[in-house]
Amino acid sequence: MTTAARPTPALMPSRRPAARPDTPTVGAPPRPSARREPWQQAILASSLPANFRFVAVALSTHADGTGHIAQQPRVIGLVHNTGINARQVAVALAALRDRGFLRLSPPDGRYDTADLILTMPRGAAARARRAQTATARSSADA
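What you see is a predicted model, and the numbers here were worked out from it, not measured in a lab.

Caption draft 1: Seen up close, helix 3 (residues 74–82). Those residues of helix 3 not exposed but buried are V75, G77, L78, V79 and T82. After helix 3 finishes, the residue G83 shows a positive phi value of roughly 80°.

And the structure:
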């Protein structure tokens, strides 16, 4: 009975060592929190669906002027504020997170337990200013 030859360490594919929990990960630093007023303008000027924007504006009402949310509304609070069911609120929060409008602390946390932090994606403030300028021009022309 013959057996197949076992691979030597030189023939094994290279593998990255597993990250140790006490070692900080290297990557881009987290974006700072966004100020509430420009954040709301960027949300309203975005191409997000209406119910996602509604959840975002409801979330921003819990933030102070600097964008800090002291009393976290969590999913259940946003359900009560908006009247939208919990799954749709979670989908809206996921879309806001994917587009860079929202960050969780801790990053791998769940929406019903993690702290929500408003962040401004790159270019969103400029797009909001352009949309606001265009709206002001069109109303002045009318």
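Here the narrative resumes.
Caption draft 2: Seen up close, the nonpolar core. Among the nonpolar cores identified, the biggest contains 31 residues, and W39, L59, V89, L93, L96 and F101 are the most heavily contacted of them. For this core, the secondary structure elements donating two or more residues are helix 1 (36–45), helix 2 (50–60), helix 3, helix 4 (86–98), strand 1 (102–105), strand 2 (115–118) and helix 5 (124–141). Among residues more than four places away in sequence, those in contact with L96 are I43, L48, F52, A56, F101 and L102.

Caption draft 3: The packing of helix 1 against helix 2, seen in detail. Packing of helix 1 against helix 2 brings their axes to within 10 Å, and their N-to-C directions diverge by 175°. On the basis of their axis angle, the class for helix 1 and helix 2 is roughly antiparallel. In contact with R36, W39, Q40, I43 and L44 of helix 1, helix 2 contributes R53, A56, V57 and S60. Taken together, the residues of the contact of helix 1 with helix 2 break down into five nonpolar, two polar and two charged.

Caption draft 4: Structural view of the pattern of salt bridges. By the definition in use, this model includes two salt bridges. In this structure, D115 engages R74 in a salt bridge whose closest nitrogen and oxygen atoms are separated by 3.3 Å. Taken as a pair, D115 in strand 2 and R74 in helix 3 lie far apart in primary sequence, 41 residues in all. Take R74: its relative accessible area is 25%, and that puts it in the partly exposed class.

What counts, and where the lines are drawn
Residues numbered from 1 in each chain as written. Predicted model: local features only at pLDDT ≥ 70, side-chain atom pairs only at ≥ 80, totals over all residues. Heavy atoms only, no water. Buried < 20%, exposed > 50% of the residue type's maximum accessible area, 1.4 Å probe, protein only. Helix = DSSP H or I, 4+ residues; strand = E, 2+ residues; numbered from the N terminus. Core = buried A, V, L, I, M, F, W, Y, C linked by side-chain atoms within 4.5 Å. Contact = heavy atoms within 4.5 Å. Axes fitted to C-alpha atoms, helices over the stretch in contact; angles between N-to-C directions. Parallel < 35°, antiparallel > 145°, perpendicular 65-115°, else oblique. Nonpolar A, V, L, I, M, F, W, Y, C, P; charged D, E, K, R; others polar. Salt bridge = Lys/Arg side-chain N within 4 Å of Asp/Glu carboxyl O.

These values are about where atoms sit, not about what they do.
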